[in-house]
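Now for the letters of each chain:
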Amino acid sequence: MNINNKFVWDQYSDQPYPIADKTFKKMMRKKHIWDYLPLLGTNLILFPLSIFVMKLFRKKPKENDIYFYGMGINLDKGLEQIELIEELGVKSLIFRVPLCDIDNLDSYYEFLTKFNLKDKKVLINIVQDRENIEDTELLKINIYKIFSKFENITHEFQIGTTINRTKWGFFSIKEYLNFYKTIQDIRDNSFKSILLIGPSVIDFEYHYTIRALFNNFKIKYDKISSLLYVDRRGAPQNKQMVIFDTKNKIDMLYSLVKLSPKTKTDDIYITEVNWPLSGTAPYAPTSEKECVSEELYAKYMVDYFDIAQQSGKIKRVFWHQLIAAGYGLVDNRDGNIRKTKAFYELKNLIAKNIVK
């Protein structure tokens with residue numbers, strides 16, 4: 001079986017398609033069914049506990065942090081991103097390096113070095129694939145290549161992304177923990193200055209975050225990453241489970257980080273968030289009913305950044321991403337570059353933060 005044939009990339013929305021082979025998906029879920037026991041066990045205690053204590057952990061926001069506002073850039077979006085990043089004034093970049101494209105590693109490095117990196121901080125997002133999850137020896141070789149290639153640019157690497165969605169390759173949190181441990185061992189042995197960031201759970205699915213932060217694996221996260229999307233159909237002030245708006249989701253996440261024995265610091269990066277844009281199918285990552293107008297997108301973005309910054313508990317927010325017709329700040333359909341209202345709103349936010 002060619003395992004990678006089960007995972008097909010959607011070039012429009014920059015994510016994998018849902019796994020079409022239901023028999024394969026069912027087989028893999030069954031194979032990893034025993035990981036549901038520690039998942040359930042840890043959550044029975046820690047989910048309610050973290051809610052109970054989340055308001056006890058307080059932190060004041062830092063003023064004038066020019067690195068707070070981050071942006072996602074991609075190799076396949078072209079060199080026009082360089083000028084756009086300079087116009088925005090963004091000082092923090094997140095850059096995907098997929099293991100499935102390791103043969104083109106030089107292209108990723110050369111692209112990134114074309115940016116003005118002297119005044120910027122870069123987070124490399126190492127994106128998993130099924131082959132590297134299953135083949136530990138292959139993973140070791142490829143991680144060594146990535147660390148060796150990029151260590152002169154940055155010391156921060158996000159290990160994996162969207163680990164609680166099977167279409168991205170992992171079928172249990174245990175698989176991710178094994179994946180992370182393999183990479184951590186390489187770091188500890190050969191690249192001691194590098195910082196590893198995880199676990200990169202998407203959405204308000206903190207039962208997976210709890211499993212990743214409370215376990216018997218000999219791992220430590222140098223910093224915590226979360227892909228903290230909120231209500232895709234509405235404002236970041238909207239609530240789930242009665243009380244959980246964006247502020248309370250951040251409070252709960254921070255309490256988990258403070259309680260976890262697997263965290264070296266309480267630094268949290270939100271490494272992916274956006275809203276899908278109306279009328280952009282097939283580029284939108286969701287159905288039309290979840291999409292919003294460009295005007296609402298801009299408002300929700302500003303509100304989200306403000307809520308995260310005012311919490312004092314989020315070190316950086318990386319908007320996903322700069323150029324993406326269905327969810328980004330710039331629409332490049334038909335080969336044209338069109339900056340949306342959100343582009344200019346973020347430019348103003350960053351300018352005001354620097355002036356303060």
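Preceding this section is the structure that the text describes.
Small disclaimer: the values here were computed from a predicted structure and weren't measured.

Conventions used here
Residues numbered from 1 in each chain as written. Predicted model: local features only at pLDDT ≥ 70, side-chain atom pairs only at ≥ 80, totals over all residues. Heavy atoms only, no water. Helix = DSSP H or I, 4+ residues; strand = E, 2+ residues; numbered from the N terminus. Rg over C-alpha atoms; globule rule 2.2 N^0.38 Å. Buried < 20%, exposed > 50% of the residue type's maximum accessible area, 1.4 Å probe, protein only. 1 Å grid on protein atoms, 1.4 Å probe; cavity = no way out; pocket = protein on both sides within 12 Å on 5 of 7 lines; lining within 4 Å. Points joined across faces, edges and corners; volume = space filled by probe spheres on them. Nonpolar A, V, L, I, M, F, W, Y, C, P; charged D, E, K, R; others polar. Expected span 1.5 Å × (residues − 1). Bend = angle between axes of the 7 residues up to and from the residue. Contact = heavy atoms within 4.5 Å. Axes fitted to C-alpha atoms, helices over the stretch in contact; angles between N-to-C directions. Parallel < 35°, antiparallel > 145°, perpendicular 65-115°, else oblique. Pairing = 2+ DSSP bridges. Right-handed = clockwise from strand over helix to strand, strands pointing away. Core = buried A, V, L, I, M, F, W, Y, C linked by side-chain atoms within 4.5 Å. Left-handed = near helix turned anticlockwise from the far one by under 90°.

Visitor: Please clarify how the overall build of the chain should be interpreted in this entry.
Guide: Tallying secondary structure elements over the chain gives 11 helices and 12 strands in all. Here the chain has a C-alpha radius of gyration of 19 Å; the compact-globule value for 356 residues is 21 Å, and the two agree. Each of the three principal axes of the chain carries a C-alpha extent, and together these read 50 × 50 × 40 Å. In the chain, buried positions account for 58% of the 356 residues.

Visitor: Help me understand empty space enclosed by the protein in this model?
Guide: Over the atoms rolls a probe the size of a water molecule, and in doing so it shows where empty space is left. Inspection of the entire model under this criterion finds 1 cavity of 30 Å³ or more. Estimates place the volume of the largest cavity at around 110 Å³. Lining the largest cavity are 16 residues; nearest its centre among them are Ile-94, Arg-96, Asn-125, Thr-271 and His-320. If you list the elements that add at least two residues to the lining of the largest cavity, you get β3 (69–73), β4 (92–98) and β10 (316–319). The element best represented in the lining of the largest cavity is β4, accounting for 3 residues. Within the lining of the largest cavity, the residues separate by chemical class into 6 nonpolar, 8 polar and 2 charged.

Visitor: Is there a simple way to explain helix α2 (residues 36–53) in this structure?
Guide: For the α-helix, the turn length of 3.6 residues means that residues three or four positions removed from each other point alike. Here α2 contains 18 residues, and its C-alpha end-to-end distance of 25 Å stays within 8% of the 26 Å for a straight helix at 1.5 Å per residue. For α2, the principal kink sits at Asn-43 and spans about 40°. Buried within α2 we find Leu-39, Thr-42, Asn-43, Leu-46, Phe-47, Ser-50 and Val-53. Residues of α2 that are buried sit in contact with α8 (206–213) and α9 (246–259).

Visitor: Sorry if this is basic, but what is going on with the packing of α2 against α8 here?
Guide: Axis angle and axis distance: for two packed helices, these are the angle between their axes and the distance between the axes, and together they describe the pair. At a closest axis distance of 9 Å, the pairing of α2 and α8 adopts a crossing angle of 100°. It follows that α2 is roughly perpendicular to α8 by the angle criterion. For the pair α2 and α8, the contacting residues are Pro-38, Leu-39, Thr-42, Asn-43, Leu-46 and Phe-47 in the first and Tyr-206, His-207, Tyr-208, Ile-210 and Arg-211 in the second. Looking at the contact of α2 with α8, its residues break down into 7 nonpolar, 3 polar and 1 charged.

Visitor: How do you make sense of the pairing of β4 when you look at a structure like this?
Guide: In summary, the side chains of a regular strand alternate between the two faces of the sheet. Counted residue by residue, β4 has 7 buried out of 7 residues, so it is predominantly covered. The alternating pattern of β4 places Ser-92, Ile-94, Arg-96 and Pro-98 on one face and Leu-93, Phe-95 and Val-97 on the opposite face, and all of these are buried. Both β3 and β4 contribute to a ladder of 4 bridges, which runs parallel. Counterpart to Met-71 in the pairing with β4 is Leu-93. The handedness of the β3 to β4 crossover, carried by helix α3 (residues 80–88), is right-handed. Examined bridge by bridge, β4 and strand β5 (residues 121–127) share 7 bridges and lie parallel to one another.

Visitor: For this particular structure, what's the right way to read the nonpolar core?
Guide: What tends to happen in soluble globular proteins is that the nonpolar side chains get buried as a cluster. In this structure, Phe-147, Trp-319, Leu-329 and Leu-346 are the most contacted members of the largest nonpolar core, which totals 98 residues. In terms of residues, this core owes the most to one element, helix α10 (residues 294–311), which gives 8 residues. Not counting the four nearest positions on each side in its chain, Phe-147 is found in contact with Ile-126, Phe-157, Ile-183, Ile-186, Arg-187, Phe-191, Ile-194 and Leu-196.

Visitor: Any chance you could explain the packing of α9 against α10 here in plain terms?
Guide: Viewed as axis vectors pointing N to C, α9 and α10 meet at an angle of 40°, and their least axial separation amounts to 10 Å. The angle between α9 and α10 places the two elements in the oblique class. Handedness of the α9/α10 crossing: right-handed. On α10, the residues that touch Thr-246, Lys-247 and Ile-250 of α9 are Tyr-304, Ile-307, Ala-308 and Ser-311.

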